[in-house]
Structures are given as C-alpha cells and as structure tokens.
Amino acid sequence: MSAISPETTHDENLGAERVPTALLVVVGAMLAAAVALAVAEGVHDLAQATINGLVSGSYFALGAAGLTLVYGVLKLVNFAQGEFLTFGAYTAVVAGSALGLPLALGLPLAFVTTAALALSLEFVMWRPMRRKGAGVLQLMLMALGLAFVIRYVIQLFAGTDPKKLGANVTASISIGDLHIGRTELWVVIFAFAVLVALATMLSRTRLGMHIRALSDNAELAETTGIDTNRIIVYTWILAGGLAGLAGVVYGASIGVVTPQLGFGIVLSLFAAVIVGGIGDAYGALAGGILIGLVQEWSTLVVPVNLKVAVGFGAMILVLILRPEGIFGRARSAGR
C-alpha cells in the first residue's frame, strides 16, 4: 500500500471543497445571464434558445466523453475525435442506404465500427509510439495528421455531397409556443442516458475503478497489478464507440452528414472537456450542457457565426475561476 503524503491529502481535500463552490458560482452566473436575457429579449425567446442549447449540449457532451477518457488515461489530446464522429455518422448512412437498416440499428453499428477503428489505431499507431518514447508534441502532431487523413479518406469514398441519415427532422413537438423536433428530443434523451450509464460504469464497476486508477496514476496502477494495456484497450473501445454514437445523433439532429461534420464541432467538444474537468464523465455532461446553452443564448444578442467564440469566452471565465474545470481534481505543482 502506498503512503499518502499530507500535501496530497490537503490538495485532494481542497479540490473537494472547491468543486461545489465553483459549481455554485457557475450556476449562479448562468441564472443571472438567463434573467438578463429574459428581460432584454423576452422569456419565450430565451426558453426556445434554452431548448436548442440542451439539444446541442447533449451531443457536445457525448462527443466530449470520449475525449476526456482518452486524455485521462493516456494524456493524449486526440484531435481526430471529430473525425471519429464523422466516421460513425457515415457508418449509419451506409447502414441505412446499403443495408436498409433503420437508424435505431445504425447506432449500435456505428458504436462497433468506430470502436474498431479507434482500437486498430491504438495497435498500429499509439502503442508503438508509446514504446518508442514519443513525446507529447509528436503525439499531438500525429493526432492532428490522423484527423486530416480520416477526413479526406471519407471524402474520397463518400464524396462531398450531403448524405441523409433518414431521420425525420421536420416533425416537432409543441409545448405552448415552444418547439423541439421529435428527433432532437430523442437525441437529448439518448445522449443523457448514455452519459449517465457511462458515469455509473466508471464509479461502480471494477473496470471503471481501474480506468480511474490509471487516469490518476499510471505507475501506481501498474504496481497494484492492474493490466494497463487491457485498460487502454477498453478506453479506446469506449472513446471510439461514444464518438460514433455522438456522430450519429449530431447528424440526426441536423438532418445531413458531410465529411466536415465532426470538424465543425470539435472545438466545442474540447471546450466542453476543459470546462467540465478532464477525466470526469459528469464533467463532460456539465461542460457540454454549459457550452451548448452559452452558445445558443448568445445568438439572442450576437450574430450566429460568433457563438463558438462566445462559448470559448465562457470557457476562459470558468478556467479563471477554477483552472481544473468544474469537476476536475486539483493537483499540486509537483505532480
């Protein structure tokens, strides 16, 4: 059993005390912003923007979950995560057009195929590079290059024309004067259910405990007998599968799929990961929802093409308050 230093205990206790404070401050700021927007733009417009923000935040959170898992375990910034979303979405397109499968069956197929892609890249690229002692910069450049390779290979085979997933994007549900698409409602419910299941798995199962142990301290995890290579394999399966699901639900919510699908939202995924706290599934959910709401609320007062910039502004403000993110654990300078 390893000894725990007083400094480590103090840092962890301090982090545990600051999380509720940071969360309360963020929630308070969001409520204040909501009140100000309701007064300035009207309650109806704010409520509709909130619905839109929950929809976009749900697929942000689902895509961010895979990013946070990979970084937590491998300390790898996977710039190809957006292309994993695109790959999963095109898998569902092929399942529908070539195999005649409904979208409900395209989802598990997208999970399996994107997980297989992520796992194959682990064996072909990432594991050999780790054995060779590749540095952070080399791995980041490889991930960036991989993103371009996947994107243009998809474009080579699928073309640049938008493809339809077969989701009904015209039918909607009305609640008074507010509207949400039926597909969008399904997207929100599905994404939240998957993220809650992921968080439960990470906190309640043996595999989840091993993933968290490896994320906290890889060397200590190895000394306690954890098969780190096996955990890394499961991490890539989860990260790739979640990205595939996120790509399908994002494509279903907007109605079409193009080779630029994942690239268009990858910056928002990174913002969600950083805001929520790297390595925490609930953090990915909170970060995704926060970024989604901020972006959609901003469209009430600024041009739509600036909403991503507003989301990053919110990210900066959260990090000034708490550099580890809302649910991230504080670490001492020596670690």
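Please refer to the structure placed before this passage.
First, a word on what this report is: a plain description of the structure on this page.

The next subject is the overall build of the protein chain. Scanning the protein chain from N- to C-terminus turns up 12 helices and 4 strands. For 335 residues, the compact-globule formula gives about 20 Å, and the C-alpha radius of gyration of the protein chain, at 20 Å, lands near that figure. In terms of overall dimensions, the protein chain has C-alpha extents of about 60 × 50 × 35 Å along its principal axes. Across the 335 residues that make up the protein chain, the buried fraction comes to 47%. The long-range share in the protein chain, meaning contacts at least 24 apart out of those at least 6 apart in sequence, stands at 77%. Computed over 19 positive and 18 negative side-chain charges, the separation of the two mean positions in the protein chain equals 8 Å.

Where empty space is left becomes clear once a probe the size of a water molecule has been rolled over the atoms. The full count for this structure, using the stated rule, is 2 cavities of 30 Å³ or more. If you add up the space inside the largest cavity, you get close to 40 Å³. Lining the largest cavity are Leu 74, Leu 76, Trp 126, Arg 130 and Leu 139. The residue inventory of the lining of the largest cavity, partitioned by class, reads 4 nonpolar, no polar and 1 charged.

Moving on, we get to the nonpolar core. Counting residues in each nonpolar core, the largest one holds 94 residues, and the members touching the most others are Leu 62, Trp 126, Trp 236 and Leu 290. When residues of this core are assigned to their parent elements, the largest contribution, 15 residues, is made by helix 2 (residues 43–74). Dropping the residues within four chain positions of it, Leu 62 is found in contact with Ala 191, Val 194, Leu 195, Leu 242, Leu 245, Ala 246 and Val 249.

As a packed pair, helix 10 (residues 266–276) and helix 11 (residues 281–298) sit with axes 7 Å apart at the nearest point and diverge in direction by 125°. Taken together, the axes of helix 10 and helix 11 lie oblique to each other. By crossing handedness, the relation of helix 10 to helix 11 is classed as right-handed. Facing helix 10, whose interface residues are Ser 268, Ala 271, Ala 272, Val 275 and Gly 276, helix 11 presents Gly 283, Gly 287, Gly 288, Leu 290, Ile 291 and Gln 295.

The final tally for this structure, using the stated rule, is 5 salt bridges. Arg 151 is the salt-bridge partner of Glu 83, the closest N and O atoms lying 2.9 Å from each other. Of this pair, Glu 83 sits in helix 3 (residues 81–97) while Arg 151 sits in helix 5 (residues 136–158); the two residues are 68 residues apart in sequence, bridging distant segments of the chain. Here Glu 83 matches Arg 151 in class, with each residue buried. The closest approach of N and O atoms between Glu 122 and Arg 127, which form a salt bridge, is 3.1 Å. This pair shows no difference in class: Glu 122 is buried, exactly as Arg 127 is. Here the salt bridges share partners, and the residues they tie into one network are Glu 122, Arg 127 and Arg 130.

Parameters at a glance
Residues numbered from 1 in each chain as written. Predicted model: local features only at pLDDT ≥ 70, side-chain atom pairs only at ≥ 80, totals over all residues. Heavy atoms only, no water. Helix = DSSP H or I, 4+ residues; strand = E, 2+ residues; numbered from the N terminus. Rg over C-alpha atoms; globule rule 2.2 N^0.38 Å. Buried < 20%, exposed > 50% of the residue type's maximum accessible area, 1.4 Å probe, protein only. Contact = heavy atoms within 4.5 Å. Lys, Arg positive; Asp, Glu negative; His and termini not counted. Charge placed at Lys NZ, Arg CZ, Asp CG, Glu CD. 1 Å grid on protein atoms, 1.4 Å probe; cavity = no way out; pocket = protein on both sides within 12 Å on 5 of 7 lines; lining within 4 Å. Points joined across faces, edges and corners; volume = space filled by probe spheres on them. Nonpolar A, V, L, I, M, F, W, Y, C, P; charged D, E, K, R; others polar. Core = buried A, V, L, I, M, F, W, Y, C linked by side-chain atoms within 4.5 Å. Axes fitted to C-alpha atoms, helices over the stretch in contact; angles between N-to-C directions. Parallel < 35°, antiparallel > 145°, perpendicular 65-115°, else oblique. Left-handed = near helix turned anticlockwise from the far one by under 90°. Salt bridge = Lys/Arg side-chain N within 4 Å of Asp/Glu carboxyl O.

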